[in-house]
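Results of the structural survey
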Amino acid sequence: MRNETVEIYSDQSNFAIMRHPGRNFPGSLIQGDSLTSLCHAADAVRREIDRGDLEEAKAELEMLRELLWFRLQHYETVLVEHECELPFPRGLQPEPPLEVFDDEDE
């Protein structure tokens, strides 16, 4: 282990944005518990595909997509607020768009 100084653009809990020395662009720090949740979400998609339940797989995949797109949009918002260049075109949108689920569906 070593200690380095990093530039912190956001220290919002579970959504930290920071730039490591030597990197051109900031990164999105994913805490271990959040990373585990993302991995389990991906596993759930695979499990439903293996079972042949494509509707449930699609629902699980939409949840995973929503989590990832939220992180990316937070990243973009933070960089724009700090007048930083983005490593991708501004205003990316999910393709296809994220599905909106009614509370009654749960």
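Residues numbered from 1 in each chain as written. Predicted model: local features only at pLDDT ≥ 70, side-chain atom pairs only at ≥ 80, totals over all residues. Heavy atoms only, no water.

A count of helical and extended segments in the chain gives 2 helices and 3 strands. Along its sequence from the N terminus, the chain presents helices and strands in the succession β-β-β-α-α. Since a compact globule built from 106 residues should have a radius of gyration of about 13 Å, the 17 Å found for the chain marks it as more spread out than a globular shape. For the chain, the C-alpha atoms occupy an extent of roughly 50 × 35 × 25 Å along the three principal directions. Burial analysis of the chain (106 residues in total) assigns 26% to the buried set. Of the roughly 8000 Å² of accessible surface on the chain, 50% is carried by carbon and sulfur atoms. When the 10 positive and 24 negative side-chain charges of the chain are each reduced to one mean point, those points stand 9 Å apart. (Helix = DSSP H or I, 4+ residues; strand = E, 2+ residues; numbered from the N terminus. Rg over C-alpha atoms; globule rule 2.2 N^0.38 Å. Buried < 20%, exposed > 50% of the residue type's maximum accessible area, 1.4 Å probe, protein only. Areas by Shrake-Rupley, 256 points an atom, 1.4 Å probe, with all protein chains shown as cover. Lys, Arg positive; Asp, Glu negative; His and termini not counted. Charge placed at Lys NZ, Arg CZ, Asp CG, Glu CD.)

Structurally, the position occupied by Asn24 is in the loop between strand S2 (17–19) and strand S3 (27–28). Taking the C-alpha atoms as reference points, Asn24 and Thr5, separated by 19 residues in sequence, lie 15 Å from one another.

A few words now on the packing of aromatic side chains. Tallied over the entire structure, the rule returns 2 aromatic pairs. Ring centres of Phe15 and Phe70 lie 5.2 Å apart, and the angle between their planes is 75°; on these two criteria the pair is classed as edge-to-face. Pair noted here: Phe15 is in the loop between strand S1 (7–10) and S2 and Phe70 is in helix H2 (residues 54–81), with a separation of 55 residues, a long-range link. Measuring from centroid to centroid gives 6.0 Å for Tyr75 and Phe88, while their planes differ by 35°, and the two rings are tilted. Of this pair, Tyr75 sits in helix H2 while Phe88 sits in the segment after H2, placing them 13 residues apart in sequence. (Phe/Tyr/Trp six-rings, centres within 6.5 Å; stacked < 30°, edge-to-face > 60°.)

Don't take any of this as a statement about function, it's just geometry.
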